[in-house]
Structures are given as C-alpha cells and as structure tokens.
Amino acid sequence: MLPGKTNILKCSNCECNIEQPTLLSGNTFGATIWSDGKQDAPMLPERHWLVKCPDCAKMLWIDELEKIGEVIPYNRKENGFNSKPYQVPEFQEMISFLRSENPNKKKESYLRTKIWWAGNDKRRGAEFPPEYASDEVENMNKLLEIMDDSKTNGRIMKGELLRQLGKFDESEKQFALVNEKNYEDVVAFLLNLVKAKNRYVAEIKTK
C-alpha cells in the first residue's frame, strides 16, 4: 500500500479543517470478501463518501466540501492546517441522516449499502447471528427497489438482498440471471446458502 497526498477540506458547518487521505496504490492481498459485497482489505482502505466532522459532528458529503490545500504523505503533523481526520458515521447516524435528507439516487444507493453493511457487521463470523432489526429490513427493501441490476454485480447484490430478506425463491431466480463464467463459483456459493435457507451474511469461500 502506498499513500498519496492528503487533501485538506473545510467543514461546511464550522471552521474545522478535515483530512481526506488518498492512495497511490493498494492491493487486495489478504482481503476478506463478504456475501453482501463488503470487502475487508488491510492493504486497500475504504474511501468514504459520507463522513462526520470531527469537531461539530455534522454529516458531510466529502465531494461537496471546499478543498483548501494538500499535504504530502507522512507529514500531517507539520501541515500547518491544524487538520483532523474525518470520522466514519455509525449505523444509527446514517439512518437518521437519510431520514432527514433527500440525496440523489446515486448517493442514496451508496448510503443504503453502507447502512446494510453496518447492520451486518455484528453478524460477520458470528456463530449465532442476531435477527434483523426493523430498520435494517426497511433499508434492505428500499435498497432493493433502487438497486441497479443492469450489470452483473448489481444482479448478484439484488439476489443477496432477496436472500437476506428471506425471499429464497426470488433470490434463486435472481442468481439464475448471472451467466458470466467468472462469477460461477460465487453464485454457486450463494445458491448453497439459499438452499440451506440461510439468511445471514457469510464470508465468500470458493475453490
């Protein structure tokens, strides 16, 4: 992993200067891939679109913030901006934000996916995963409605949403629409979960 420059952004609600790290290169070695599409990759950190100001705690779309400067890697303490790393919103914060805002379809899809993943975090690797809360079910249903399934990844994610909602027949039909050879092993793994009537997120394990 090779870090790039750090962008310095101005919070639109207060005077805080917020750091946005960038990446020159990364890789997925040692990554864990989950059935809901989340990837835990130590050498490829996630770049967040919706963040929280470390001072005033306002939720911010990072692409809407003014850039006031940049800092070379490894030199944050001497950047002169008195900046701070952004915070990552938690599950309930994202739920509340979405209920009070009206983002465009692309941002809504991103945020609902993040909410889906955040809700599933407590189930990853759990021997006895907890049931889905009503907020999670509502979010998954709404994400299902706006999911773009014109491409393979969208079709797989739609099938996975149906599986986690317990709609196993519909999920199986959705996975049947994925015919690309490169995805055969992944789809076979997910179909085994469907046949077992397993609703919970799982680590993707293929041959």
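Keep in mind the model is a prediction, meaning the values are calculated, not measured.

1. So, the overall build of the chain
Consideration 1: From N to C terminus, the chain includes 6 helices and 8 strands.
Consideration 2: Reading the chain from its N end, one meets helices and strands in the order β-β-β-β-β-β-β-β-α-α-α-α-α-α.
Consideration 3: Along the three orthogonal principal directions, the C-alpha set of the chain runs to about 60 × 40 × 35 Å.
Consideration 4: Expressed as a percentage of the 207 residues in the chain, the buried residues total 43%.
Consideration 5: A separation of at least 24 residues holds for 60% of the contacts in the chain among residues at least 6 apart in sequence.
Consideration 6: Within the structure as shown, the chain displays about 11,900 Å² of accessible surface, and the carbon and sulfur contribution to it stands at 49%.
Consideration 7: For the chain, the centre of its 32 positive side-chain charges and the centre of its 32 negative side-chain charges are spaced 2 Å apart.

2. As for the pattern of salt bridges
Consideration 1: Under the defined criterion, the tally for this structure stands at 21 salt bridges.
Consideration 2: Note that Arg99 and Asp135 form a salt bridge whose closest N and O atoms lie 2.9 Å from each other. Of the two residues, Arg99 is situated in helix 1 (residues 91–100) and Asp135 in helix 3 (residues 134–146); the sequence distance between them amounts to 36 residues.
Consideration 3: The shortest N-O distance in the salt bridge between Lys158 and Asp149 comes to 3.2 Å.
Consideration 4: Linked by salt bridges that have partners in common, Asp36, Lys38, Asp121 and Arg124 make up one network.

3. A short note on the environment of Arg124
Consideration 1: Considering the arrangement of structural elements, one finds Arg124 in the loop between helix 2 (105–120) and helix 3.
Consideration 2: Measuring from C-alpha to C-alpha, the distance between Arg124 and Phe97 comes to 25 Å, with 27 residues separating the pair along the chain.
Consideration 3: Apart from the residues within four sequence positions on either side, Arg124 is in contact with Trp34, Asp36, Lys38, Trp117 and Val201.
Consideration 4: In terms of polar contacts, Arg124 uses its side chain to reach the side chain of Asp121, at 2.7 Å.

4. Regarding the layout of surface pockets
Consideration 1: The calculated volume of the largest pocket comes to roughly 480 Å³.
Consideration 2: Lining the largest pocket we find 20 residues, and of these Ser109, Thr113, Met147, Asn153 and Met157 sit closest to its centre.
Consideration 3: Taken together, the elements giving at least two residues each to the lining of the largest pocket come down to helix 2, helix 3 and helix 4 (152–164).
Consideration 4: A per-element tally of the lining of the largest pocket places helix 2 first, with 8 residues.
Consideration 5: Tallied by class, residues from the lining of the largest pocket come to 7 nonpolar, 6 polar and 7 charged.

5. Regarding helix 1
Consideration 1: Every buried residue of helix 1 is accounted for by Phe91, Met94, Ile95, Phe97 and Leu98. Each buried residue of helix 1 lies within a common arc of 165° when the element is viewed along its axis, so the set occupies one face. When the buried face of helix 1 is taken as reference, the exposed residues oriented beyond 90 degrees from it are Arg99 and Ser100.
Consideration 2: Looking at the packing, one finds that the buried side of helix 1 touches strand 5 (50–52), strand 6 (59–61), helix 2 and helix 3.

6. Some details on the pairing of strand 1 (residues 2–10)
Two faces make up the sheet, and in a regular strand the side chains alternate between them.
Consideration 1: As defined by bridge partners, strand 1 adjoins strand 2 (residues 17–25) across 7 bridges and the pair is classed as antiparallel. Each bridged residue has a counterpart across the sheet, and for Leu2 the counterpart in strand 2 is Ser25.
Consideration 2: In this antiparallel pair of consecutive strands, strand 1 and strand 2, the connection spans 6 residues.
Consideration 3: The pairing of strand 1 with strand 7 (residues 66–71) spans 5 bridges and is classified as antiparallel. Note on strand 7: the bridge partner recorded for Ile8 is Gly69.

7. Details of the side chain of Thr22
Consideration 1: Structurally, Thr22 is set in strand 2.
Consideration 2: Of the residues examined, Thr22 reaches a relative accessible area of 16% and is grouped as buried.
Consideration 3: Separated by 2.5 Å, the side chain of Thr22 and the backbone oxygen of Lys5 make a polar contact.
Consideration 4: In contact with Thr22, not counting residues within four places along its chain, are Pro3, Gly4, Lys5, Asn7 and Arg47.

What counts, and where the lines are drawn
- Residues numbered from 1 in each chain as written.
- Predicted model: local features only at pLDDT ≥ 70, side-chain atom pairs only at ≥ 80, totals over all residues.
- Heavy atoms only, no water.
- Helix = DSSP H or I, 4+ residues; strand = E, 2+ residues; numbered from the N terminus.
- Buried < 20%, exposed > 50% of the residue type's maximum accessible area, 1.4 Å probe, protein only.
- Contact = heavy atoms within 4.5 Å.
- Areas by Shrake-Rupley, 256 points an atom, 1.4 Å probe, with all protein chains shown as cover.
- Lys, Arg positive; Asp, Glu negative; His and termini not counted.
- Charge placed at Lys NZ, Arg CZ, Asp CG, Glu CD.
- Salt bridge = Lys/Arg side-chain N within 4 Å of Asp/Glu carboxyl O.
- Polar contact = N/O pair within 3.5 Å; in protein donor to acceptor, adjacent residues only side chain to side chain.
- 1 Å grid on protein atoms, 1.4 Å probe; cavity = no way out; pocket = protein on both sides within 12 Å on 5 of 7 lines; lining within 4 Å.
- Points joined across faces, edges and corners; volume = space filled by probe spheres on them.
- Nonpolar A, V, L, I, M, F, W, Y, C, P; charged D, E, K, R; others polar.
- Arc of directions from axis to C-beta.
- Pairing = 2+ DSSP bridges.

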